[in-house]
Amino acid sequence: MLPAEFVIRLQHGIAGGFAPPTPSAIYVLSRSKDHPAELVINSAVRQDGTPSLSDAEPKKIPVDSYTALIEELHSILKEIPVESPPGIQDIYGLDTSIAWGSEDLQWRNGGPSGCGSGYSEIQASEEDKKKFIRAVEIVNELITKES
């Protein structure tokens, strides 16, 4: 069963180093107790050759139509590791971060300022990497749905 409230954040462009990363896209998907039937999707995308992200008009999709996908994502994130310490290394190697926040799960790969070039004490196995790829595919599928 899905949590009554949750937030999912997908960011493409998390690898940094000396300078913080320059994201190419940030998507935030949220379900609130006030509007439990809707998944609100906010997008900010940086067009090639531009220095900053541009916000798109928020859209809404029906949660009930995508419950199975969201539950699959929730389940995957409960199983796979995050780097330690946070933000030290992109252990999945996709230059992509997912964050999930709900009452029962707080999960995030990549630190708030992206990932550096250090080495994480925790590494993702090949199986973990496949699961993370699937998690990214799920979020990408949700953000491309029409309202």
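Residues numbered from 1 in each chain as written. Predicted model: local features only at pLDDT ≥ 70, side-chain atom pairs only at ≥ 80, totals over all residues. Heavy atoms only, no water.

The next thing to look at is the overall build of the chain. Within the chain one finds two helices and seven strands. The helix and strand sequence of the chain, counted from the amino end, reads β-β-β-β-β-α-β-β-α. Here the C-alpha atoms of the chain give a radius of gyration of 15 Å, agreeing with the 15 Å that 2.2 N^0.38 yields for 147 residues. Taken over 147 residues, the chain has a buried fraction of 41%. When contacts within the chain are restricted to residue pairs at least 6 apart in sequence, those whose partners lie at least 24 apart make up 65%. On the chain, roughly 8000 Å² of surface is accessible, and the fraction owed to carbon and sulfur atoms is 51%. Between the mean site of the 13 positive side-chain charges and the mean site of the 22 negative ones, the chain shows a separation of 1 Å. (Helix = DSSP H or I, 4+ residues; strand = E, 2+ residues; numbered from the N terminus. Rg over C-alpha atoms; globule rule 2.2 N^0.38 Å. Buried < 20%, exposed > 50% of the residue type's maximum accessible area, 1.4 Å probe, protein only. Contact = heavy atoms within 4.5 Å. Areas by Shrake-Rupley, 256 points an atom, 1.4 Å probe, with all protein chains shown as cover. Lys, Arg positive; Asp, Glu negative; His and termini not counted. Charge placed at Lys NZ, Arg CZ, Asp CG, Glu CD.)

Glancing now at unusual backbone geometry. Note that the residue after Ser 84, namely Pro 85, is joined by a cis bond; omega there is 0 degrees. Within the fold, Pro 85 resides in the loop between α1 (67-79) and β6 (96-102). Unusually for a residue other than glycine, Asp 95 sits at a positive phi of about 55 degrees.

Our next topic: the side chain of Arg 31. Structurally, the position occupied by Arg 31 is in strand β2 (residues 25-32). Buried Arg 31, no salt bridge; nearest opposite-charge side chain is Asp 64, N-O distance 5.5 Å. Those residues in contact with Arg 31 that lie beyond four places of it in its chain are Leu 2, Pro 3, Ala 4, Glu 5, Phe 6, Pro 36, Glu 38, Leu 39 and Val 63. (Salt bridge = Lys/Arg side-chain N within 4 Å of Asp/Glu carboxyl O.)

Here we come to the nonpolar core. Within the largest apolar cluster, 32 residues are counted, with the highest numbers of intra-cluster contacts made by Leu 29, Leu 77, Ile 98, Trp 100 and Trp 107. Here this core takes seven residues from helix α2 (residues 126-143), the largest share from any one element. In this structure, Trp 100 is in contact with Pro 3, Phe 6, Val 7, Ile 8, Ile 70, Leu 73, His 74, Leu 77, Leu 105, Gln 106 and Trp 107, ignoring residues within four places of it in sequence. (Core = buried A, V, L, I, M, F, W, Y, C linked by side-chain atoms within 4.5 Å.)

Once that is clear, we can look at the pattern of salt bridges. Here the structure, examined in full by the defined rule, presents seven salt bridges. In this structure, Glu 137 and Arg 134 form a salt bridge, with 3.6 Å as the shortest nitrogen-oxygen distance. Placement of the pair is Glu 137 and Arg 134 together in helix α2, with a separation of three residues, close to one helical turn. Look at the salt bridges and you will find they share partners, linking Glu 72, Arg 134 and Glu 137 into a network.

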